[in-house]
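In case you want the letters, here they are:
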Amino acid sequence: MREITVAVLPGDGIGPEIIEQAIKVMDAVAGKFGFKIDYKEALIGGAAIDETGVPFPEETKDVVLSSEAVLLGAVGGPKWDDLEFSIRPERALLGLRKLLNTFANLRPAKLYNELIDASSLKPEIVKGVDIMVVRELNSGIYFGIPNGVFVDGDERVGINTLRYKEHEVERIAKVAFDVARKRNKKVTSVDKANVLEATVLWREVVERVHKDFEDVELSHMYVDNAAMQIIRWPKQFDVVVTTNMFGDILSDACAMLTGSLGMLPSASIGGDIGLYEPIHGSAPDIAGQNIANPIATINSAAMMFTYSFNMPEVEEVIDKAVKAVLAKGYRTKDICSDGCKVVSTEEMGSLVREEIEKF
Ligand code: IPM
Ligand code: MN
C-alpha cells in the first residue's frame, strides 16, 4: 500500500479546528483510494513561540524537511502582535516558504454555483468566475534587502525593498503559462510598470518567457486597474500572474468574489516539498467557537493530492463531496445567506467525509 508522509502544522487561532476537518477528509480519501497517510504534527507561529520561544523551531524544520508535503492552518494573533518583528508568528510562514523554495503560490478563486448568493456582487457578475492567481512567493518586497526601521538624522525611516531578479520572474512566468495551458490559455500579468522599475523588468521578462508559450494569450495590467477590473468584470480573467505583494492583495479580493475568504485554498509549489494552506488568516476573533469555515483548508489538502502526489482523481472526489454538501444547503456561518442550514466547523468536516464515503 502506498504510504505518504505529510507534515501538519495547525498553528494559531482557528488553525487547529480547520486542520482537524481537513484530516478527517484526508483519512476518508485514503480509505477510499487505498493509501496510508503518515501525519507528522509540529508547532509553528504563536503556538511555537509559547512552547519554545521562537515561531519556527528547528524541530519543526526537521519535520517539514522529512515530509513529502506540508499542510498548514494559519499563524498569528493579537497575543503576539507586540513581539519584536523577527520573532513574530508571520516570520515563521515566510521562513517556511523560503525553506521549501515554494516560489509559486497558486490561489484558485472558483465560484461554487451554490454560493452565488453569498457573494457581495451581483449574480450575473460572479456566475462562472474561475480565476487562478499565480502569486510569486519567495521574493519581491517581502524579502528585499535593505529592510527595517533605521535612524535617519533626527527621525526614523522605515524601509522595504522591491527587488526581482530576472530568473525569479522567469520561473514564475513559466508556471503561469504552464497552468494557463491546462485552463483557458489566457494570462494577465499584473505590475506597476508605469511607476516601479522593478516591474518594468518584470514585464519585460514575462514577455520574453511568453515567446515559448505563444499558444497562450498574454496581456498586461497595472495593479490599480486590476483591482478595479476584478470587481467590475471578473470573468475576463483566467490566470493572473503577479508579484508577492500584489498577489497577496488581489487574491483576497478574488476570494470575496467566491463568497468568503473561508473558501480559498492555496498550493505553493516549485520546490521539492509542496506547501498547502488556506489563504485566510488565523481569525482570532472566532477561534475556538467551532464556527470557522474549513472548506479552504479541505480544498488545500485536495490540491496537495494533485500537486504533490499526482493524484488529481483524489482532488476531484473531494471537490465533488464539497459541492454535494453545499448543494444540500449546508453552510458555515460565513457563507450563509437565506434559507441555508448553518453547521459548525466540525459538522462541515464530517458532512464532507460522509459524502466521500458514499462515492
Ligand atoms: C497570506 C498571508 C501571509 C502573507 C501573512 C500571514 C504573512 O496574508 O498567506 O496571504 O502575507 O503572505
Ligand atoms: Mn494574505
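Structure first, text after, so check above.
What comes next concerns the included structure. (Residues numbered from 1 in each chain as written. Chains lettered and ligands numbered in written order. Predicted model: local features only at pLDDT ≥ 70, side-chain atom pairs only at ≥ 80, totals over all residues. Heavy atoms only, no water.)

### Side note on the overall build of the protein chain
Now for step 1: On a plain count of helices and strands, the protein chain comes out with 12 helices and 14 strands.
Now for step 2: At 20 Å, the protein chain has a C-alpha radius of gyration in line with the 21 Å of a compact globule built from 359 residues.
Now for step 3: In terms of overall dimensions, the protein chain has C-alpha extents of about 60 × 50 × 45 Å along its principal axes.
Now for step 4: Across the 359 residues that make up the protein chain, the buried fraction comes to 53%.
Now for step 5: For the protein chain, restricting intrachain contacts to residue pairs at least 6 apart in sequence, the fraction spanning at least 24 positions comes to 76%.
Now for step 6: Surface summary for the protein chain: the accessible area is close to 15600 Å², and the carbon and sulfur share equals 51%. (Helix = DSSP H or I, 4+ residues; strand = E, 2+ residues; numbered from the N terminus. Rg over C-alpha atoms; globule rule 2.2 N^0.38 Å. Buried < 20%, exposed > 50% of the residue type's maximum accessible area, 1.4 Å probe, protein only. Contact = heavy atoms within 4.5 Å. Areas by Shrake-Rupley, 256 points an atom, 1.4 Å probe, with all protein chains shown as cover.)

### Focus: the sheet that holds strand 10 (residues 239-242)
Either a parallel or an antiparallel arrangement is found when strands of a sheet pair, and the pairing is made through backbone hydrogen bonds.
Now for step 1: Pairing is mixed across the open sheet formed by 10 strands, whose spatial order is 2-1-3-12-11-4-5-10-8-9. Strands with a single pairing partner mark the edges of an open sheet, and in this sheet they are strand 2 (35-41) and strand 9 (217-222). Averaged over all pairs of adjacent strands, the angle between strand axes in this sheet comes to 25 degrees, irrespective of strand direction.
Now for step 2: The sheet contact formed by strand 1 (residues 2-11) and strand 2 spans seven bridges and is parallel. Paired with Val-8 across the bridge in strand 2 is Glu-41. (Pairing = 2+ DSSP bridges. Axes fitted to C-alpha atoms, helices over the stretch in contact; angles between N-to-C directions.)

### Some points on the site of ligand 1
Now for step 1: As a matter of local geometry, ligand 1 sits amid Glu-90, Leu-93, Arg-97, Arg-107, Arg-135, Tyr-142, Asp-248 and Ile-279.
Now for step 2: One of the side-chain nitrogen or oxygen atoms of Arg-135 is found 2.8 Å away from an oxygen atom of ligand 1.
Now for step 3: Asp-248 is positioned such that a nitrogen or oxygen atom in its side chain is 2.9 Å from an oxygen atom of ligand 1.
Now for step 4: Contact with the protein chains covers 77% of the free accessible surface of ligand 1, which is 320 Å².
Now for step 5: With three residues, the single largest contributor to the shell around ligand 1 is helix 4 (residues 89-99).
Now for step 6: Partitioning the shell around ligand 1 into residue classes produces three nonpolar, no polar and five charged. (Near = heavy atom within 4 Å. Polar contact = N/O pair within 3.5 Å; in protein donor to acceptor, adjacent residues only side chain to side chain. Nonpolar A, V, L, I, M, F, W, Y, C, P; charged D, E, K, R; others polar.)

### Looking at the pairing of strand 10
Now for step 1: Residues Val-239 and Val-241 of strand 10 are buried on one face, and the alternating residues Val-240 and Thr-242, pointing to the opposite face, are buried as well.
Now for step 2: In the sheet, strand 5 (residues 130-136) pairs with strand 10 via four bridges, with the strands oriented parallel. Bridging across to strand 10, Met-132 finds its partner in Val-239.
Now for step 3: Pairing geometry for strand 8 (residues 186-191) and strand 10, over four bridges, is parallel. Counted as the bridge partner of Val-187 is Val-239 from strand 10.

### Topic: unusual backbone geometry
Now for step 1: A cis amide bond links Ile-145 to the next residue, Pro-146, at an omega of 5 degrees.
Now for step 2: A positive phi angle is found at Asn-101, which is not glycine, with a value near 55 degrees.
Now for step 3: Residue placement: Asn-101 occurs in the loop between helix 4 and strand 4 (104-110).
Now for step 4: Taking the relative accessible area as the measure of exposure, Asn-101 reaches 35% and is therefore partly exposed.
Now for step 5: A positive phi angle, near 40 degrees, is found at Ala-283, a position not held by glycine.
Now for step 6: Along the polypeptide, Ala-283 turns up in the loop between strand 12 (274-276) and helix 10 (295-307).
Now for step 7: Overall, the relative accessible area of 22% leaves Ala-283 in the partly exposed class.

### Some details on the state of the cysteines
Now for step 1: For the coordinates displayed, the defined rule picks out one disulfide.
Now for step 2: Across a sulfur-sulfur distance of 1.8 Å, Cys-336 and Cys-340 are joined as a disulfide pair. Linking Cys-336 and Cys-340, the disulfide has an S-S dihedral of approximately 140 degrees and is accordingly described as right-handed. (Disulfide = S-S within 2.5 Å.)

### Some details on the pattern of salt bridges
Now for step 1: A complete count under the given rule lists 18 salt bridges for this structure.
Now for step 2: Linking Lys-61 and Glu-58 is a salt bridge whose minimum nitrogen-to-oxygen distance equals 3.3 Å. One end of the pair, Lys-61, and the other, Glu-58, are both in helix 3 (residues 58-65), three residues apart, so they sit about a helical turn from each other.
Now for step 3: You can call Lys-61 partly exposed: its relative accessible area is 22%.
Now for step 4: With a relative accessible area of 54%, Glu-58 lands in the exposed category.
Now for step 5: Notably, a salt bridge pairs Lys-192 with Asp-224, separated by 3.2 Å at the nearest N-O pair. Of the two residues, Lys-192 sits in the loop between strand 8 and helix 7 (197-210) while Asp-224 sits in helix 8 (residues 223-232), which places them 32 residues apart along the sequence.
Now for step 6: Asp-224 gets classed as partly exposed once you look at its relative accessible area, which sits at 45%.
Now for step 7: What emerges from the salt-bridge pattern is a single network uniting Glu-166, Glu-170, Lys-174 and Arg-208. (Salt bridge = Lys/Arg side-chain N within 4 Å of Asp/Glu carboxyl O.)

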